[in-house]
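# Descriptive structure summary
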Amino acid sequence: MPGWKGITVLDVTFDRCAFGMSRATFKVTSKIPSVSPNPILLRRFLKTPRPHEVNEIASFERMSNEGIGPKQLAIDPAGRYRIEEFLDARILKCHEINEKKFRRKLAVALARIHSLSVPENALKTNYISQSIDN
């Protein structure tokens, strides 16, 4: 990433995040104030992504390209790491989901997400029955 060129591991802090579907998610913050974007989210996947991770990678990229959710800033060619825009936010609590100020925004966002095309291989695999069988 151009804004992080020349940054070393000594120039950053890593904070493990307690959320996400991938194996490890880190908030990475540069100690150099002029670095942009700052902070970023580093997501690490397995050496060989599982089928649902392959779909997650494709779906995330699609939503990022559509301007839904965080931006994908970089991904390594093997698909083991992804760098994302860090959104300093929190998850809605159950009782908040039905509050008027969130309900309409949530409905619009979900409609927009569900109008996107689904990766082709996601339609051919039933992950729920696979996980029960295994």
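Residues numbered from 1 in each chain as written. Predicted model: local features only at pLDDT ≥ 70, side-chain atom pairs only at ≥ 80, totals over all residues. Heavy atoms only, no water.

## Thoughts on unusual backbone geometry
Rule in force here: Think of it this way: any DSSP run of H or I at least four residues long counts as a helix, any run of E at least two long counts as a strand, and we number them from the N terminus.
Residue Pro-37 is reached from Ser-36 by a cis peptide bond, and omega for that bond is -5°. Take Pro-37: it is sitting in the loop between strand E2 (24-30) and strand E3 (40-44). Going from Asn-38 to Pro-39, the amide bond is cis rather than trans, its omega being 0°. Within the element layout of this structure, Pro-39 appears in the loop between E2 and E3.

## Some words on the sheet that holds strand E4 (residues 72-75)
Test applied: In this scheme, strands are said to pair when DSSP sees at least two bridges between them. For helices, the fitted line uses only the C-alpha atoms of the stretch in contact; every axis is such a line through C-alpha atoms, and the angle between N-to-C directions lies from 0 to 180 degrees.
With antiparallel pairing, the five strands of this open sheet are ordered in space as E1-E2-E3-E5-E4. Only two strands of the sheet have a single partner each, and these edge strands are strand E1 (12-16) and E4. Between one strand and the next, the sheet's axes are offset by a mean angle of 25°, whatever the strand orientation. Of the strand pairs in this sheet, E1 and E2 are connected by five bridges, and their pairing is antiparallel. Counted as the bridge partner of Phe-14 is Val-28 from E2.

## Describing the packing of aromatic side chains
To describe a pair of aromatic rings, one takes the distance between the centres and the angle between the planes. As a reminder, the rule being used: Only Phe, Tyr and Trp rings are paired, with Trp represented by its six-membered ring, and only when their centres lie within 6.5 Å; those with planes under 30 degrees apart are stacked, over 60 edge-to-face, the remainder tilted. Using a 1.4 Å probe on the protein chains alone, a residue whose accessible area is under 20% of its type maximum counts as buried, one over 50% counts as exposed, and one in between counts as partly exposed. Sitting over a ring, as applied to charges here, requires NZ of Lys or CZ of Arg to be within 6 Å of the ring centre and within 35 degrees of the ring normal.
Within this structure, the stated rule accounts for one aromatic pair. On the basis of an interplanar angle of 85° and a centroid distance of 6.3 Å, the ring pair of Phe-14 and Phe-26 is categorised as edge-to-face. Remark: Phe-26 occurs in strand E2 and Phe-14 occurs in strand E1; sequence separation between them is twelve residues. Phe-14 sits in the partly exposed class, given a relative accessible area of 42%. Accessibility expressed as a relative area gives 19% for Phe-26, which makes it buried. Taking the ring centre of Phe-60 as reference, the NZ or CZ of Arg-82 above it sits at 3.8 Å.

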